[in-house]
Amino acid sequence: MEEEVNTNKEYEPTNSIDIYFSKEEIEKEYTVIGYAVGSGSSYVSNDKIQKKLIDEAKNKGADAILITGIGKSNIPSGVGSEEERQINASFLKYK
């Protein structure tokens, strides 16, 4: 299935979101309506970051989120670097 991307259109907010961790799980046709990177310090749980992404997806009118990456990065800070958690996601709208 070819992935369609349309990040310019605005949609009405939604109340519920489906969460997917691979494209193969998605059984409905969809359009990608946005991308996001959720991040937080190493003290913030992935669940909290994911919840923020879900809230943002609802506000953007998405029907689902496809989690495309979960990881950590090092952010330079003063003397050394600080570890930061990151979750990459695509916001999806069903056709």
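Predicted model, so just to flag it, every value in this text is computed and none were measured.

Caption draft 1: Region of the structure containing the side chain of Ser 90. By the element assignment, Ser 90 lies in strand β5 (residues 80-94). Owing to a relative accessible area of 6%, Ser 90 belongs among the buried residues under this scheme. Other than its neighbours up to four places away in sequence, Ser 90 contacts Val 32, Gly 34, Tyr 35, Ala 64, Ile 65, Leu 66 and Thr 68.

Caption draft 2: Focus on the pattern of salt bridges. A full pass over the atoms with the stated rule returns four salt bridges. A salt bridge links Asp 55 to Lys 51; the shortest N-O distance between them is 3.5 Å. You can see Asp 55 and its partner Lys 51 sitting in helix α1 (residues 46-60), four residues apart, about one turn around the helix. For Lys 51, a relative accessible area of 51% puts it in the exposed group.

Caption draft 3: Region of the structure containing the packing of aromatic side chains. By the definition in use, this model includes zero aromatic pairs. Lying over the aromatic face of Tyr 94, Lys 28 brings its terminal NZ or CZ to 4.4 Å of the ring centre.

Caption draft 4: Quick look at the nonpolar core. Ile 17, Leu 53, Ala 57, Ala 62, Ile 65 and Phe 91 are the most contacted members of the largest nonpolar core, which has 13 residues in total. For this core, the secondary-structure elements that each account for two or more residues are β3 (30-41), α1, β4 (64-77) and β5. For Ala 57, the residues in contact, after removing those within four places along its chain, are Thr 14, Ile 17, Ala 62, Ile 65 and Phe 91. Counting residues in hydrophobic clusters, the runner-up holds eight residues, among them Tyr 20, Ile 26, Val 32 and Leu 92.

Criteria and cut-off values
- Residues numbered from 1 in each chain as written.
- Predicted model: local features only at pLDDT ≥ 70, side-chain atom pairs only at ≥ 80, totals over all residues.
- Heavy atoms only, no water.
- Helix = DSSP H or I, 4+ residues; strand = E, 2+ residues; numbered from the N terminus.
- Buried < 20%, exposed > 50% of the residue type's maximum accessible area, 1.4 Å probe, protein only.
- Contact = heavy atoms within 4.5 Å.
- Salt bridge = Lys/Arg side-chain N within 4 Å of Asp/Glu carboxyl O.
- Phe/Tyr/Trp six-rings, centres within 6.5 Å; stacked < 30°, edge-to-face > 60°.
- Lys NZ or Arg CZ within 6 Å of the ring centre and 35° of its normal.
- Core = buried A, V, L, I, M, F, W, Y, C linked by side-chain atoms within 4.5 Å.

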